Amino acid sequence: MGDGKNLTRRGFIAGGAVAGAAALVATPYERLLNALSTGFIHQAQAEATGNLGARNYINILIAGGPMRYTFDAWMRTNPSDAPLEYNPMVATKLVRSGNNIVGTEYATFNYNGVMVPHMFSQSVTTSAGAKALTDLLNNMLVIRGFGTGFDGHPFNATIQQAPVGGVSSVMGLAADYSKKTFEAVEWPDRGAYGNYASMSGKALNILTGNPLNSLLEGFGGPAADRAKGRSLKDRNREAFDLAQARLRAYSQSEFAGSTILSKNLSNASDLMKKGIGNIGSYWDGAVARYRSVIEASMRQQGLVGINDVAMISDQGNFWKVHVAQGNRGLVVSRDSDLRDSIKTMTAPGSLAEGLALAEYVLKEGLVSTMNLQMGDPAGLMIKDAADGVVGNHVAIKDMHETGAIPGVLITTAYYRGLCAGMLELIEQLKKSKVNGVDLWSETVIQVISEFNRTARTNGSGSDHGFNQMVTSVFSGAIQRGPFVVGNIYRAGHGGGYVGTQGRAAPIDGYNQKGMPSPTMAASTVTALLRVPKNPYENLAEPLIRLNGDQLQILKAAKLVG
């Protein structure tokens, strides 16, 4: 987890003994108080000098490269755009004949002047009740129309995270300007799909098991022989008094931020008293809360154009589902209703836990940047036409053999779960303020996958769309959205892949010639992070500018040809 530059988390916190207790092995509480008090001073210094540091950054990886048309692979975004060339895989809504589903269409509606996919006309479930998905659109930026020209899952995942060698990755860049206790954490371990680099030597803490316990285990209870010399109760009280004295002394000094810190001593005291004692009571309930809203939103029935009428298979190419068992395209039996399959969908692996982790560490001011993941759509009960058996299946995201009709049903359910989880997190962040600004305005969430899909004309499935990549960004710093940047061709790749599907097109007057690379997306995301220097802009200028809460599009999105 570390080397000469990338210190381990244990090594990072080991030196945090509170002054006055150095003769003894520092207790976890003493180390935590020292880290927190240092953080308060750094934050006050940053505010006083006008250097607020980078916004919090959350990167959610959907490894596997799923179809994104129902969510953020936006095709026709302007009412003046030419009609799309039809491809049944590039679909957001199902077409009915009588009381059965017979095909697909790319359906949109106009929201704030942008044509957005049909899914966003719906609502999802949060702990506060039903919430319109248009709430997400207000804070959303879609970056489309870029690619790499090279196939491969790990390569296309890692190049988006660190598109330029010799400079920080996007996450590392945000961590470089962090003043938090832990600058960067990743859960679960991305392995070959991760690419973190910090030019300031900021450590990436890769968590295992229960991520919150893993992050804070160094602050956990001490071994029986570790706290000697006087009672633990007395030592903790002394540590608290010493940390408070440190903050009071700084607040009365002439150093940068002293006046600001003096106004926040009460808040600092409250956080120190609480310490991390609420972890146990928080974790299980928070994970259950996120899992509940995710699963309720994925399983919802009666959605117009999605699952409001029967879905009876004709056992053709349109009705295949690429399942993990046997890595094959399962043909859905005509003796079943495919709508029933999503009634048992489970929250995608790691998502509920990751969002619960994000909520806690951001609200407690412990972490600035996070890498999270979202697993496969699982728990689908599907009847196989080959043997008539109903199985509990995982529909893998590398959707080579998922046909057009199940593709719309499953991806809509999948992304509804992600949206519900994000809306739950957003509501929690809005409740917390730092220096009078809510945490959601200080946070950027980016959703990436290796690529979108190259869609087959016959509706039988899709392949790796490494030349038609897309990513989306959500932030309270973005207002009055949605926004979209990047150009795509109206025509497909030809052969078995005709029709509009998001193939990247050049941008007139841009400082990248030809198809933009992932550096374009990274540079555009960086423009939202509030870092002093964008290391990517000389190679690929950002396509947006953020002035206050005004987001300006510098290169309008176009449908070319």
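Residues numbered from 1 in each chain as written. Predicted model: local features only at pLDDT ≥ 70, side-chain atom pairs only at ≥ 80, totals over all residues. Heavy atoms only, no water.

Observations concerning the packing of helix α11 (residues 351-363) against helix α12 (residues 404-430)
What counts is decided by this rule: Each axis is a line fitted through C-alpha atoms, and for a helix only the stretch in contact is used; angles between axes span 0 to 180 degrees, taken between their N-to-C directions. The way it works is that DSSP assigns letters per residue, a run of H or I at least four long becomes a helix, a run of E at least two long becomes a strand, and they are numbered from the N terminus. To sort the angles, those under 35 degrees are grouped as roughly parallel, those over 145 as roughly antiparallel, those from 65 to 115 as roughly perpendicular, and the leftovers as oblique. Should the near helix be turned counterclockwise from the far one by less than a right angle, the crossing is left-handed, whereas a clockwise turn marks it as right-handed. For this analysis, residues touch if any pair of their heavy atoms sits within 4.5 Å. Throughout, the ten residues Ala, Val, Leu, Ile, Met, Phe, Trp, Tyr, Cys and Pro are labelled nonpolar, Asp, Glu, Lys and Arg are labelled charged, and all others, Gly among them, are labelled polar.
In the contact formed by α11 and α12, the axes pass within 10 Å of each other and the chain directions differ by 15 degrees. By the angle between their directions, the pair α11 and α12 is classed as roughly parallel. For the pair α11 and α12, the crossing hand works out as right-handed. Here α11 contributes L351, L355, A358, E359, L362 and K363 to the contact with α12, which in turn contributes G417, L418, G421, M422, L425, Q428 and L429. Tallied by class, the residues present in the contact of α11 with α12 amount to 8 nonpolar, 3 polar and 2 charged.

Quick notes on the packing of aromatic side chains
Put simply, the rule reads: Only Phe, Tyr and Trp rings take part, Trp by its six-membered ring, and two of them pair if their centres are within 6.5 Å. Stacked means planes under 30 degrees apart, edge-to-face means over 60, and tilted covers everything else. With a 1.4 Å probe rolled over the protein chains alone, any residue whose accessible area is under 20% of its type maximum counts as buried; one over 50% counts as exposed, and the rest are partly exposed.
All told, the structure shown has 7 aromatic pairs when counted by the stated rule. Aromatic pair W74 and F120: ring centres 6.3 Å apart, planes at 80 degrees, arrangement edge-to-face. Here F120 lies in the loop between β5 (114-117) and β6 (123-126) and W74 lies in the loop between β1 (56-61) and β2 (93-97), a separation of 46 residues in the sequence. Residue class for W74 comes out buried when judged on its relative accessible area of 0%. Given the relative accessible area of 0%, F120 is considered buried.

Things to note about the environment of G492
Tracing the sequence through the fold places G492 in the loop between β23 (487-489) and β24 (504-505). Distance in space between the C-alpha atoms of G492 and G502 is 7.8 Å, their sequence separation being 10 residues. Excluding anything up to four places from it in sequence, G492 contacts E85, Y497, V498, G499, Q501 and R503.

Regarding the pairing of strand β12 (residues 328-331)
Put simply, the rule is: At least two DSSP bridges between two strands are required for those strands to pair.
For strand β11 (residues 320-323) and β12, the ladder comprises 4 bridges, and the chain directions are antiparallel. Paired with V321 across the bridge in β12 is L330. The loop that links β11 with its antiparallel partner β12 comprises 4 residues; one of these, G326, has a positive phi angle of about 85 degrees.

Thoughts on α11
What counts is decided by this rule: One less than the number of residues in a helix, times 1.5 Å, gives the span that helix is expected to have.
Taking 1.5 Å of rise per residue, 13 residues should cover 18 Å, and α11 covers 18 Å from first to last C-alpha, within 8% of that figure. Trailing α11 by a residue or two, G365 shows a phi angle of about 70 degrees, which is positive.

So, the sheet that holds strand β10 (residues 204-206)
Judged by pairing direction, the sheet is mixed, and its 8 strands sit side by side in the order β10-β9-β13-β1-β18-β21-β8-β22 without closing on themselves. Edge positions in the open sheet fall to β10 and β22 (483-485), since each of these has one partner strand only. Sheet twist, expressed as the average angle between the axes of neighbouring strands with direction ignored, equals 15 degrees. Summarising the sheet, β1 and strand β18 (residues 443-448) pair through 6 bridges and their orientation is parallel. Bridge pairing links I60 to V447 in β18. Running over the sheet, helix α4 (residues 153-161) touches β8 (140-146), β13 (367-373), β18 and β21 (469-475) and is turned about 160 degrees from β18.

So, the nonpolar core
Stated precisely, the cut-off is as follows: Buried Ala, Val, Leu, Ile, Met, Phe, Trp, Tyr and Cys residues that are joined via side-chain atoms within 4.5 Å together make up what is termed a nonpolar core.
In terms of nonpolar packing, the biggest core is built from 100 residues, with W74 and L418 touching the most fellow members. Per-element tally for this core: the top contributor is α12, with 16 residues. For L418, the contacting residues outside a window of four places in its chain are I60, I62, F71, L351, M374 and V447. Judged by nonpolar contacts, the second largest core, of 37 residues, contains V164, A175, V444 and L546.

Comments concerning the pattern of salt bridges
The criterion, for reference: By convention in these notes, a salt bridge is any Lys or Arg side-chain nitrogen within 4 Å of a carboxyl oxygen on Asp or Glu.
Counted according to the given criterion, the structure contains 20 salt bridges. With its nearest N and O atoms 2.5 Å apart, the salt bridge here joins D72 to R68. Exposure remark for R68: the relative accessible area of 0% places this residue in the buried category. Residue E353 is joined to R291 by a salt bridge in which the shortest nitrogen-to-oxygen separation is 2.8 Å. Of the two residues, E353 sits in helix α11 while R291 sits in helix α10 (residues 279-299), which places them 62 residues apart along the sequence. Given a relative accessible area of 18%, E353 falls into the buried group. Judged by its relative accessible area of 31%, R291 is partly exposed. Linked by salt bridges that have partners in common, K131, D135, E427 and K430 make up one network.

Focus on the packing of α10 against α11
Two numbers describe a pair of packed helices, the interaxial angle and the distance between the axes. It is at 8 Å that the axes of α10 and α11 come closest, and there the two elements cross at 130 degrees. In terms of their interaxial angle, α10 and α11 are classed as oblique. Remark: the crossing between α10 and α11 carries right-handed chirality. The segment α10 lies against α11, with I279, Y282, W283, A286, V287, R289, Y290, R291 and I294 engaging L351, A352, E353, L355, A356, L357, E359 and Y360. Looking at the contact of α10 with α11, its residues break down into 13 nonpolar, no polar and 4 charged.

Some thoughts on the sheet that holds strand β27 (residues 559-560)
Read from one edge of the open sheet, 3 strands run β24-β23-β27, paired in mixed fashion. The outermost strands of the open sheet, each flanked by one partner alone, are β24 and β27. Judged from the 2 bridges that link them, β23 and β24 form a sheet pairing that is antiparallel. Looking at the pairing, I488 lines up with A504 of β24.

Re the pairing of β13
Of all the 7 residues making up β13, 7 are buried; the element is thus mostly covered by neighbouring parts of the structure. Relative to β13, strand β9 (residues 182-186) is paired through 4 bridges, and the arrangement is parallel. From the neighbouring strand, V185 faces β13, where its bridge partner is M370.

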